[in-house]
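Here's the letter readout for the chains.
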Number of protein chains: 2
Amino acid sequence: MSHNENGFKMRQNEKTSKITIDIVAQKSGFSRATVSRVLNRDPSVKPATAQKILRVVEDLGYTPHSMASALSGGKTKTLAILLPDLLHEYYTQLLAGADTTAEEHGYTLLLKTRNTRKVFQELVEGGRVDAFILRYAGPASFDEDLLKYLRNRRIPYIVIGTPPFLDTHPAVMIDNIGGARLMAQHYGVHGYKRILFITGPDHSNDSKDRLYGFKIGLSEKGVDPERIVVEEGDFSQRSGYEVAKRCLLQDQFDAVFAANDSMALGVIQFCQDRGIRVPEDLAVTGFDDTFFAGHLQPPLTTIRQPMYEIGVVAVLNLLRVMEKGEQVESRVILPTKLIVRRSCGCNGEPMELSNPTT
Amino acid sequence: MSHNENGFKMRQNEKTSKITIDIVAQKSGFSRATVSRVLNRDPSVKPATAQKILRVVEDLGYTPHSMASALSGGKTKTLAILLPDLLHEYYTQLLAGADTTAEEHGYTLLLKTRNTRKVFQELVEGGRVDAFILRYAGPASFDEDLLKYLRNRRIPYIVIGTPPFLDTHPAVMIDNIGGARLMAQHYGVHGYKRILFITGPDHSNDSKDRLYGFKIGLSEKGVDPERIVVEEGDFSQRSGYEVAKRCLLQDQFDAVFAANDSMALGVIQFCQDRGIRVPEDLAVTGFDDTFFAGHLQPPLTTIRQPMYEIGVVAVLNLLRVMEKGEQVESRVILPTKLIVRRSCGCNGEPMELSNPTT
DNA sequence: CTGAAAGCGCTTACAG
DNA sequence: CTGAAAGCGCTTACAG
């Protein structure tokens, strides 16, 4: 039963039966238990034995049935990733990073974008996954009970983003404060004083941190942080547009800093519609550095967060937690940097600014 | 054992044992078999019985172990989706559509972006999924043997895109020819004659169809399709830039039509770098209508394909195939439309043009 | 309409 | 270092 280039067709012709561990056992002359052991790299098996068995596995093109091994105590080798949606670049980059890293380590991702309690429960009770990656995005996405539940059941997990929980959980976050502070300092060099800040939705801690960091940077530059105007958006392009419409026509501003790029885009669109020149009449900046930021007119000055890398780090740390058991210290904060383009009023070459230490 | 708002905590306290079908059987006074039947909506069960059992299921918060049911002949309720990557908007939109639709129907997606034969085999032999969604993207992503293999094993699948296979497989495609033809006709109204067409990679049938449709439209407008210049790209922004550099400095063109938006973007960037005005000196158009297309300067005229909907239709049709067995006629072609913005030389309001019938 | 029993394909103590 | 056996939690003929 040799193997040619076309391993598939051969099997089709046999067609007879699914190849099971028992067949491997029989052909190799060892027991099912021993075959299982070599498949799971049990070091107690004599190397020569392992050799022989592996050879048969190879010849037969045997692949263990993952459902069976999961049921009998093995692992599923799959990770659940819970995301609010896939429509924003932030989430897809995250997913791409997580997926690539998971595959590199032999894991598969199970994607869920409807994070109801029921979905969650089915994943856990159904024994479908070994661990969870949870992107926190507001109260609706999941609550602390869910995390406690996972913890009690000893199911490894990691959360992405800044949840408003008092308790600490394994998490990967970004330096929102440092990034926004950089922006404030840059506003300082431009001398902007009359500033509009557009927040994300009320529950977003990421947004809160950005505002906080921005205020810190402002006072460092001698601007009274309490004098800026703060308006609430919801991270959507539309909300940026709406806030702009509501505020820009009333008061006179030097600059607006939106808590993400989408809202900054909304602001810029409003300006275009009303003939407000950016950045001559008004500077506009964002947060994220999504793909379109660099292609806007004018190109958007923004804070870059490493979206893809967040996904990578999340699975890497989750894997560590899975290996070493629950009590691995696993909170990481990834750096952000200021990407200076033209919407802030600069007009030279694009440049990047990082925090000295964060 | 009533259920309060916090179903999770309660279970934590019991902590004792996982709730299995046997526990449900015992508490309800029926056999395991009967419980299984009601869970699987077997119509032979007496309604009153089903009622009682369901009540117990509810009270206990019982969730079947999916690995166990999969192993014993049930379904996994999961669909594998194989994508070349997640970096391009095309794929993520596709994924978003597929994911939403799958969840609506009680399915979960298993995502794979490394489509090696090994990965494929593990999914099939490992019994991890009920069916496959395959995005065809060139020879490396998968070959016809794989499809035959699935077919022989009676594993439902659907392919997305236009594969170069002679044999027919369930598939969802888009009207590449019709879309490109629309573009050609629009070029006709602008009177463009000296035209550069940038293709995708050699193996891309989507690209070939776009070129084909474009030529048809051209001749309909009295332009000799053999006089246009055709250059090969690979769908990347960089390749668009490179082709532009190679060609635009040599010959004089009225317009370039790139087989996707990314390459069009590359061309526009090159023009910016060299001070070539778009569309005054050169019209540039693309294909896809990705998010950034409308935000480019000038906004990109392009052909819109319904990326999200492709994902939706793919799982819907796959579900039909799964229900009705293999021989469901299931090939669909989704329409495309011309989105006129400004990069083609128009300067009015944006507008859309569809094929009368496709 | 319902139940007892076999079986899905593995893993893992328990012996030796 | 290896094997026989029990068991994971379900589904599905087979009887009745």
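Presented here is an overview of the structure given in this document.

Rules and cut-offs
Residues numbered from 1 in each chain as written. Chains lettered and ligands numbered in written order. Predicted model: local features only at pLDDT ≥ 70, side-chain atom pairs only at ≥ 80, totals over all residues. Heavy atoms only, no water. Contact = heavy atoms within 4.5 Å. Buried area = accessible area lost by both parts, 1.4 Å probe. Salt bridge = Lys/Arg side-chain N within 4 Å of Asp/Glu carboxyl O. Polar contact = N/O pair within 3.5 Å; in protein donor to acceptor, adjacent residues only side chain to side chain. Helix = DSSP H or I, 4+ residues; strand = E, 2+ residues; numbered from the N terminus. Nonpolar A, V, L, I, M, F, W, Y, C, P; charged D, E, K, R; others polar. Pairing = 2+ DSSP bridges. Expected span 1.5 Å × (residues − 1). Buried < 20%, exposed > 50% of the residue type's maximum accessible area, 1.4 Å probe, protein only. Least-squares fit on C-alpha atoms with pLDDT ≥ 70 in both. Near = heavy atom within 4 Å. Disulfide = S-S within 2.5 Å. Axes fitted to C-alpha atoms, helices over the stretch in contact; angles between N-to-C directions. Right-handed = clockwise from strand over helix to strand, strands pointing away.

1. Looking at the interface of chain A and chain B
If you look at the interface, chain A gives 60 residues, while chain B gives 60 residues. Surface buried jointly by chain A and chain B totals about 5500 Å² across both partners, of which 55% is contributed by carbon and sulfur atoms. The interface formed by chain A and chain B holds two salt bridges in total. With a closest N to O distance of 3.5 Å, A:Glu125 and B:Lys18 form a salt bridge. There are 16 residue pairs in polar contact (both at pLDDT 80 or more) connecting chain A and chain B. Top contributing element to the side of chain A that touches chain B by residue count: helix α6 (residues 89-104) of chain A, with six residues. Of the residues in the side of chain A that touches chain B, the class split is 22 nonpolar, 20 polar and 18 charged. Both strand β2 (residues 108-112) of chain A and strand β2 (residues 108-112) of chain B contribute to a ladder of three bridges, which runs antiparallel. Among the inter-strand pairings, A:Leu109 is bridged to a residue of β2(B), identified as B:Leu111.

2. Details of helix α13 (residues 307-324) of chain A
Relative to the 26 Å expected for 18 residues at 1.5 Å per residue, α13(A) spans 26 Å between its end C-alpha atoms, a close match to the ideal helical length. For α13(A), the complete set of buried residues consists of A:Met307, A:Ile310, A:Gly311, A:Val312, A:Val313, A:Ala314, A:Val315, A:Asn317, A:Leu318, A:Leu319 and A:Val321.

3. Quick notes on the relation of the copies chain A and chain B
The relation between the two chain copies is a rotation about an axis coupled with a shift along that axis. Note on the copies: chain A fits chain B at an RMSD of 0.1 Å, the axial shift is 0.0 Å, and the rotation between them is 180 degrees. On this basis, the relationship between the two copies can be described by a two-fold rotation axis. Looking at the interface residues of chain A, 100% of them are also at the interface in chain B, so both copies use one shared face.

4. Looking at the side chain of A:Thr301
With respect to the element layout, A:Thr301 can be found in strand β10 (residues 301-304). For A:Thr301, a relative accessible area of 0% puts it in the buried group.

5. With respect to the protein's contact with DNA strand C
Residues in contact with DNA strand C amount to 28 residues; listed here are only the nearest, A:Arg32, A:Ser36, A:Tyr62, B:Arg37 and B:Thr49. A breakdown of the atoms of DNA strand C within 4 Å of the protein gives sugar and phosphate a share of 64%. Backbone polar atom of A:Ile21 to a phosphate oxygen of DNA strand C: 2.8 Å apart, as the coordinates give it. A distance of 3.3 Å separates a base nitrogen of DNA strand C from a polar atom in the backbone of A:Ala68. Looking at the surface near DNA strand C, the elements that each hand over two or more residues are α3 (32-39) and α5 (66-71) of chain A together with α3 (32-39) of chain B. Of the residues assigned to the surface near DNA strand C, the class counts are nine nonpolar, 14 polar and five charged.

6. Digging into the protein's contact with DNA strand D
Around DNA strand D there are 27 residues in total, and A:Arg37, A:Thr49, B:Arg32, B:Ser36 and B:Tyr62 lie nearest to it. Of all atoms in DNA strand D that approach within 4 Å of the protein, 64% are sugar or phosphate atoms. Note that a base oxygen of DNA strand D is positioned 2.3 Å from one of the side-chain N or O atoms of A:Arg37. For the surface near DNA strand D, the secondary structure elements donating two or more residues are α3 of chain A together with α3 and α5 (66-71) of chain B.

7. Details of the state of the cysteines
All names here are of chain B. Scanning the entire structure with this criterion turns up zero disulfides over all chains. Cys-344 takes part in no disulfide bond, and the closest cysteine sulfur to it belongs to Cys-346, at a distance of 3.7 Å. On the basis of relative accessibility, which here comes to 0%, the residue Cys-344 falls in the buried class.

8. Concerning the pattern of salt bridges
All names here are of chain B. Under the criterion given, the structure shown has 26 salt bridges over all chains. A salt bridge links Arg-55 to Asp-59; the shortest N-O distance between them is 2.9 Å. Placement of both Arg-55 and Asp-59 in helix α4 (residues 47-60) is noted, with a separation of four residues, approximately one turn of the helix. Given the relative accessible area of 53%, Arg-55 is considered exposed. Arg-341 is paired through a salt bridge with Asp-289; the nearest N and O atoms lie 2.4 Å apart. Here Arg-341, found in the loop between β12 (337-340) and β13 (351-354), pairs with Asp-289, found in the loop between β9 (283-288) and β10 (301-304); they are 52 residues apart in sequence, far enough to count as distant. Here Asp-289 falls in the buried class, since its relative accessible area comes to 12%.

9. A few points about the sheet that holds strand β8 (residues 255-258) of chain A
Residue and element names in this part refer to chain A. The mixed open sheet is built from seven strands, whose spatial order is β7-β6-β8-β9-β10-β12-β13. Both outer strands of the open sheet, β7 (229-232) and β13 (351-354), are each paired with one neighbouring strand and no more. Each strand of the sheet is rotated relative to its neighbour by a mean of 20 degrees, with strand direction disregarded. Bridge analysis of strand β12 (residues 337-340) against β13 gives four bridges, and the strand direction is antiparallel.

10. Focus on the pairing of strand β1 (residues 78-82) of chain B
Residue and element names in this part refer to chain B. Counting buried residues in β1 gives five out of five residues, a clear majority hidden from the surface. Where burial is concerned, the two faces of β1 agree: the one with Thr-78, Ala-80 and Leu-82 and the one with Leu-79 and Ile-81 are both buried. With respect to chirality, the unit in which β1 leads through helix α6 (residues 89-104) into the neighbouring parallel β2 is right-handed. As paired elements, β1 and strand β3 (residues 131-135) share four bridges and run parallel to each other.

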